[in-house]
Amino acid sequence: MNKHDPVDVLIIGAGASGAAVAWSLAETKMHILCLDQGGWMNPSDYPSTGRDWEAKFYGDWSTSPNIRGRPEDYPINDDNSPIKVVNFNGVGGSTVMYTAHWPRLHPSDFKVKTLDGVADDWPIDYDALTPFFEENDRIMGVSGLSGDPMSPLTHPPMPPQPLGLSGPLIGKAMNKLGWHWWPSDTTVATMDYEGRARCINLGHCTPACAQGAKASTDITYWPHALRAGVELKTHCRVREILTNEDGMASGVVYYDKDGVEQFQPAEVVIIACNGVGTPRLLLNSVSGRFPNGLANSSGLVGKNLMFHPYAQIYGFVQEPTDSNRAPPTCLWSKEFYDTDLSRGFVRGYGIQFVRGAGPVFEAVASEQKGILPWGAEHHRVFRKLNGHRLGVSAICEDLPEEHNRVTLDPVLKDSHGIPAPRIDYTISENSRKMMEHGLARGREILEAAGATDICTNSPIPWGGWHLLGTARMGTDPSRSVVNEWGRSHDVKNLFIVDGSVFVTSGGVNPTSTIQAIALYVADQMKQRLANLFD
Amino acid sequence: MSAANELTSAHRDDLRSVAAMIVPASEEYKVPGADDPAIQADMLATLGRDTALVAQALDHLARLAGQPLAELDTAKREVIANEFRATGGAAAATLVRVVLQCYYRDERVLRSLGLELRAPFPKGYTLNEGDWALLDPVRARPAQLRRAP
């Protein structure tokens, strides 16, 4: 095994949180190295550059690593979960392949035990993250409208996305019902911003943005971090973290782009591999001192996995919608975000509205739902459906449960022979009731908009975008994996900055909060450099 | 049965037949059916990773039909198609998706739908700003953010 010169800080993963922490720590002038199992993306390869852009979503650009199967991906055994894991592996991580919807967790999300008597409070609060939310919004480049009466105050540097055709249909329906709605904060640039060109409405934002209008960390944080001296090595897959006789992390073993085993020593190791990749790595880092995996004296590594179960409902209106000719998400609602026990469940959900779909997606989805027939009627019905879809998704807060977990699969391995993660997950009764409530309200919204042919996906099966909770933060080492500033309770030079550290999930997309936490942890590290390991 | 990575001649015949059942040609809309030679050629040329599942679906279809699909009368074909959709699982769904994804990128079909024959990038699309006055009732609401202790 080749051994390299030691670095001061080694970051594993170049995605949402890894990029943010790398950029923030760069000002220390320490020798910082980031390893990522994927490579740099080439926007000229992105689906929207080709006529077959929709077909690619079912194959090479699927959100599921199991379907996509790029060399950079690792398999995931999620057979025992109704919600399948979706992610992207490469520089930028899953920010390359996300919808760019950009809500923050609410202040109340950090105090669910105190407020609602469930789960646990976070050891930090919203106010601690506020400056990092703001800093992150500036660097990622956020569009939106300040002043939402039901969301935390934000200051998006760019105006919101246009309402288009679909937005007014939703807005009128919500006004008719007297329910809250607001233009979403998104990381889609609505004007030229920091070297990024403005959105030109290529359609599906999820499978990467050829225009570069959607913020992904390969085009936001990384150029800054690299200019500041951070080193990034691609196609390097970390197998395990090693420890020394003092119980400190000594470095990592990884496979380089040629598959050759390497050892990279480091003074500090930061894990940024998401809520599945991080516990996988920790559980695979077994030694005599850490027989149950690294940083796992609590036994909680991999446990408390939270997705956001999505209750999706959609229908078809007579008016044309934006279809695939706009970013898919444009509006949100927080009408049912907070606990109201009269609804039969605790906590709540955010709603994100979806503008429509392209012709292939529409045909495939509608045929599967049985509303697009085979035969002579096919053409008439398709013309009624295509370009007329309006969608509503309730993004339900998932509460932590230890039986929902990530473990190492005893059989399945990746291309380097590293055990694949196995997911065991069930949707709780509370979440089910929340999803039913979301579907019922979604139906009311769609009916108020005049929609017919209403269909549901609950949960969205390939909806495991948000991977949270599997190395939770807390002040009690017996009930958490990292402390209130991201450092492992067990290994004093090991930090975690991704969604694994979430204590609860909130009812919103988490990437904004994940990155704010990464910046907060980096800031804590910088403030404590003199006694970081005490 | 067939090798997992290729379609046999019988497969291709049945694929053409079932594609025409899914999307027949239409005089009214001036569109070809999914059995059109160009669309079929697109399917075969781009099957790629879907080949094994499509072959599996076509094997299933052949077992149900007991003979080439094209040789069955219309009523019998309908029965077989319904059974195929009900029992074909992921393989049948993949076959249908392959048919539809190739059909709905054919130039004649897109033209009939009034869609432009181009990739989204680099031209993109224009989005109306919309009527922001619709937001006035929401702006008038009092702030309702739940307080955290």
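Details of the structure are given in the entry above.
Owing to the predicted nature of the structure, the values given are computational and were not obtained by experimental measurement. Every chain is numbered on its own, with residues counted from 1 as its sequence reads. Each chain gets a letter, beginning with A, and each ligand a number, beginning with 1, in the order they are written. Local features are withheld for residues below a pLDDT of 70 in this predicted model, meaning they are given only at 70 or higher, and side-chain atom pairs are given and counted only at 80 or more; totals for whole chains, interfaces and linings count all residues.

Asks: Outline the overall build of chain B, listing residues and values.
Replies: Numbering of helices and strands starts at the N terminus; helices are DSSP runs of H or I of at least 4 residues and strands are runs of E of at least 2. A count of helical and extended segments in chain B gives 7 helices and 0 strands. If you list the helices and strands of chain B from N to C, you get α-α-α-α-α-α-α. Based on C-alpha atoms, the radius of gyration is set beside the globule rule, defined as 2.2 Å times the residue count to the power 0.38. What you see for chain B is a C-alpha radius of gyration of 23 Å, clearly larger than the 15 Å of a compact globule of 149 residues, by over 25%. For the C-alpha atoms alone, the extent of chain B along its principal axes is close to 70 × 45 × 30 Å. With C-beta atoms placed from the backbone, a residue is labelled by how many other C-beta atoms lie within 10 Å of its own: buried for 20 or more, exposed for 12 or fewer, partly exposed between the two. Counting only residues that meet the buried cut, chain B has 34% of its 149 residues in that class. When contacts within chain B are restricted to residue pairs at least 6 apart in sequence, long-range pairs at least 24 apart make up 69% of them. Contacts are defined on C-beta atoms placed from the backbone: any two residues whose C-beta positions lie within 7 Å are in contact.

Asks: Quick rundown of the overall build of chain A? Include the residues and the values.
Replies: Within chain A, the secondary structure is distributed over 12 helices and 17 strands. Seen through its C-alpha atoms, chain A measures out along the principal axes to roughly 70 × 50 × 45 Å. Out of the 534 residues belonging to chain A, those deemed buried represent 61%. Within chain A, contacts between residues at least 6 apart in sequence are counted, and of these 74% link residues at least 24 apart.

Asks: Describe the interface of chain B and chain A, naming the residues involved and giving the relevant values.
Replies: Taken together, the contacts link 42 residues of chain B with 56 residues of chain A. Put simply, the parts of the chain that give the side of chain B that touches chain A at least two residues each are helix 1 (9–22), helix 5 (89–103) and helix 7 (136–139) of chain B. When grouped by side-chain class, the residues that make up the side of chain B that touches chain A number 27 nonpolar, 8 polar and 7 charged. Under the grouping applied here, Gly and all other residues not named as nonpolar or charged are polar, the nonpolar ones being Ala, Val, Leu, Ile, Met, Phe, Trp, Tyr, Cys and Pro and the charged ones Asp, Glu, Lys and Arg.

Asks: How would you sum up the sheet that holds strand 15 (residues 419–424) of chain A? Please name residues and give values.
Replies: Residues and elements named next belong to chain A. Across the sheet, 3 strands lie side by side as 4-15-14; this open sheet has mixed pairing. Of all the strands in the sheet, the pair left with one neighbour each is strand 4 (77–80) and strand 14 (405–413). Pairwise comparison of adjacent strand axes, ignoring direction, gives a mean angle of 40° for this sheet. The pairing of strand 4 with strand 15 spans 2 bridges and is parallel. Bridge pairing links Asn80 to Asp424 in strand 15. Sitting on the sheet, helix 8 (residues 274–283) is in contact with strand 14 and strand 15, with an inclination near 70° to strand 14. By the convention used here, strands pair only if DSSP detects at least 2 bridges between them. Axis lines are fitted through C-alpha atoms, for helices just across the contact stretch, and the angle between N-to-C directions can take any value from 0 to 180 degrees.

Asks: Can you lay out the sheet that holds strand 12 (residues 349–354) of chain A for me, pointing to particular residues and giving the numbers?
Replies: For sheets, the rule is that strands pair by backbone hydrogen bonds, running either parallel or antiparallel. Residue and element names in this part refer to chain A. Strand order across the open sheet formed by 6 strands is 5-11-12-13-10-16, with antiparallel pairing between neighbours. The open sheet has two edge strands with one neighbour each: strand 5 (182–183) and strand 16 (452–457). Here strand 11 (residues 329–333) runs beside strand 12; their pairing, made up of 4 bridges, is antiparallel. Bridging from a neighbouring strand, Trp332 pairs with Gln352 of strand 12. Sheet contacts for helix 6 (residues 166–177): strand 11, strand 12 and strand 13 (389–396); angle to strand 11, the most-contacted strand, approximately 10°.

Asks: Go over the nonpolar core, please, and point to the residues and values.
Replies: In this structure, Ile11(A), Ile12(A), Val21(A), Ala22(A), Val269(A) and Ile270(A) are the most contacted members of the largest nonpolar core, which totals 147 residues. For this core, the element with the highest residue contribution is helix 12 (residues 511–527) of chain A, accounting for 9 residues. Setting aside residues up to four positions removed in sequence, Val269(A) forms contacts with Leu10(A), Ile241(A), Ala249(A), Val252(A), Asn493(A) and Leu494(A). To count as a nonpolar core, a set of buried Ala, Val, Leu, Ile, Met, Phe, Trp, Tyr and Cys residues must be joined through C-beta atoms within 7 Å. By size, the runner-up hydrophobic cluster in this structure holds 45 residues, among which are Ala363(A), Val364(A), Ala91(B) and Tyr104(B).

Asks: Lay out the packing of helix 3 (residues 51–65) of chain B against helix 5 of chain B in plain terms, naming residues and giving numbers.
Replies: Residues and elements named next belong to chain B. The interhelical angle for the contact between helix 3 and helix 5, taken along N-to-C directions, is 110°, at an axis separation of 8 Å. With respect to helix 5, the element helix 3 is oriented roughly perpendicular. Taking contact as the criterion, the partners of Leu53, Val54, Gln56, Ala57, Leu58 and His60 in helix 3 are, on helix 5, Ala90, Ala91, Ala92, Thr94, Leu95 and Val98. The class makeup of the residues in the contact of helix 3 with helix 5 is 9 nonpolar, 3 polar and no charged. For classification purposes, an angle smaller than 35 degrees is called roughly parallel, one larger than 145 roughly antiparallel, one from 65 to 115 roughly perpendicular, and anything else oblique.

Asks: Provide a residue-level description of helix 5 of chain B, including the pertinent values.
Replies: Residue and element names in this part refer to chain B. For helix 5, with 15 residues, the first-to-last C-alpha span of 21 Å sits near the 21 Å given by 1.5 Å per residue. Burial analysis of helix 5 places 12 of its 15 residues in the buried class, which makes it a mostly covered element. Of all the positions in helix 5, only Ala91, Ala92, Thr94, Leu95, Val96, Arg97, Val98, Val99, Leu100, Gln101, Cys102 and Tyr103 are classed as buried. Any helix carries an expected span of 1.5 Å times its number of residues minus one.

Asks: Which residues make up the environment of Thr243(A), and what are the values?
Replies: Residue and element names in this part refer to chain A. Turning to its location among the elements, Thr243 is positioned in strand 7 (residues 237–243). C-beta crowding within 10 Å serves as the criterion here: with 22 such atoms nearby, Thr243 is assigned to the buried category. Separated by 47 residues in sequence, Thr243 and Phe290 have C-alpha atoms that sit 9.0 Å apart. Residues contacting Thr243, with those up to four places away along its chain left out, are Met248, Ala249, Ser250, Ser287, Arg289, Phe290, Leu294 and Val491.

Asks: Can you tell me about helix 4 (residues 74–87) of chain B, naming the residues and giving the values?
Replies: For helix 4 of chain B, which comprises 14 residues, the first-to-last C-alpha distance of 20 Å matches the rise-based estimate of 20 Å (1.5 Å per residue) to within 8%. Note on helix 4 of chain B: the residue one or two positions beyond its end, Gly89(B), has a positive phi of about 60°.

Asks: Help me get a handle on unusual backbone geometry, residues and values and all.
Replies: At the junction of Ser458(A) and Pro459(A), the peptide bond is cis and its omega measures out at 0° in the coordinates. You can see Pro459(A) is positioned in the loop between strand 16 and strand 17 (494–496). A cis amide bond, omega 10°, links Phe121(B) with the succeeding residue Pro122(B). Following the sequence through the fold, Pro122(B) ends up in the loop between helix 6 (107–112) and helix 7. One non-glycine residue with positive phi stands out, namely Lys29(A), at about 65°. Given 10 C-beta atoms within 10 Å, Lys29(A) falls into the exposed group. One non-glycine residue with positive phi stands out, namely Asp453(A), at about 50°. With respect to the helices and strands, the residue Asp453(A) is situated in strand 16.

Asks: So what about the environment of Tyr254(A)? Which residues, and what values?
Replies: Residues and elements named next belong to chain A. Considering the arrangement of structural elements, one finds Tyr254 in strand 8 (residues 249–255). Overall, the presence of 22 C-beta atoms within 10 Å leaves Tyr254 in the buried class. Spatially, the C-alpha atoms of Tyr254 and Arg104 are 34 Å apart, while their sequence positions differ by 150 residues. For Tyr254, the residues in contact, after removing those within four places along its chain, are Leu35, Cys236, Arg237, Val238, Arg239, Gln262 and Gln264.

Asks: For the pairing of strand 7 of chain A, give the residues involved together with the corresponding values.
Replies: Residues and elements named next belong to chain A. Judged from the 6 bridges that link them, strand 7 and strand 8 form a sheet pairing that is antiparallel. Bridge pairing links Thr243 to Ala249 in strand 8. Here strand 7 folds back onto strand 8, and the loop between the two strands holds 5 residues, one of which, Gly247, carries a positive phi near 80°.

Asks: Let's hear about the packing of helix 5 (residues 126–140) of chain A against helix 12 of chain A: which residues, and what values?
Replies: Residue and element names in this part refer to chain A. One way to put it is that helix 5 packs onto helix 12 with a least axis distance of 8 Å and a crossing angle of 110°. When the axis of helix 5 is compared with that of helix 12, the two are roughly perpendicular. Here helix 5 runs over helix 12; the crossing is right-handed. Across the interface between the two elements, Ala128, Leu129, Phe132, Phe133, Glu135 and Asn136 from helix 5 touch Ser512, Gln515, Ala516, Ile517, Leu519 and Tyr520 from helix 12. Broken down by class, the residue content of the contact of helix 5 with helix 12 amounts to 8 nonpolar, 3 polar and 1 charged. The hand of a helix crossing depends on one turn: near helix anticlockwise from the far one by less than a right angle means left-handed, and clockwise means right-handed.

Asks: Just give me the short version of the environment of Trp181(A), but keep the residues and values in it.
Replies: Locating Trp181(A) in the fold gives a position in the loop between helix 6 and strand 5. Given 26 C-beta atoms within 10 Å, Trp181(A) falls into the buried group. Once the C-alpha coordinates of Trp181(A) and Gln352(A) are considered, the two residues, 171 residues apart in sequence, prove to be 9.4 Å apart. Ignoring anything within four residues of it in the chain, the contact list for Trp181(A) reads Ile170(A), Gly171(A), Met174(A), Leu331(A), Ser333(A) and Val138(B).

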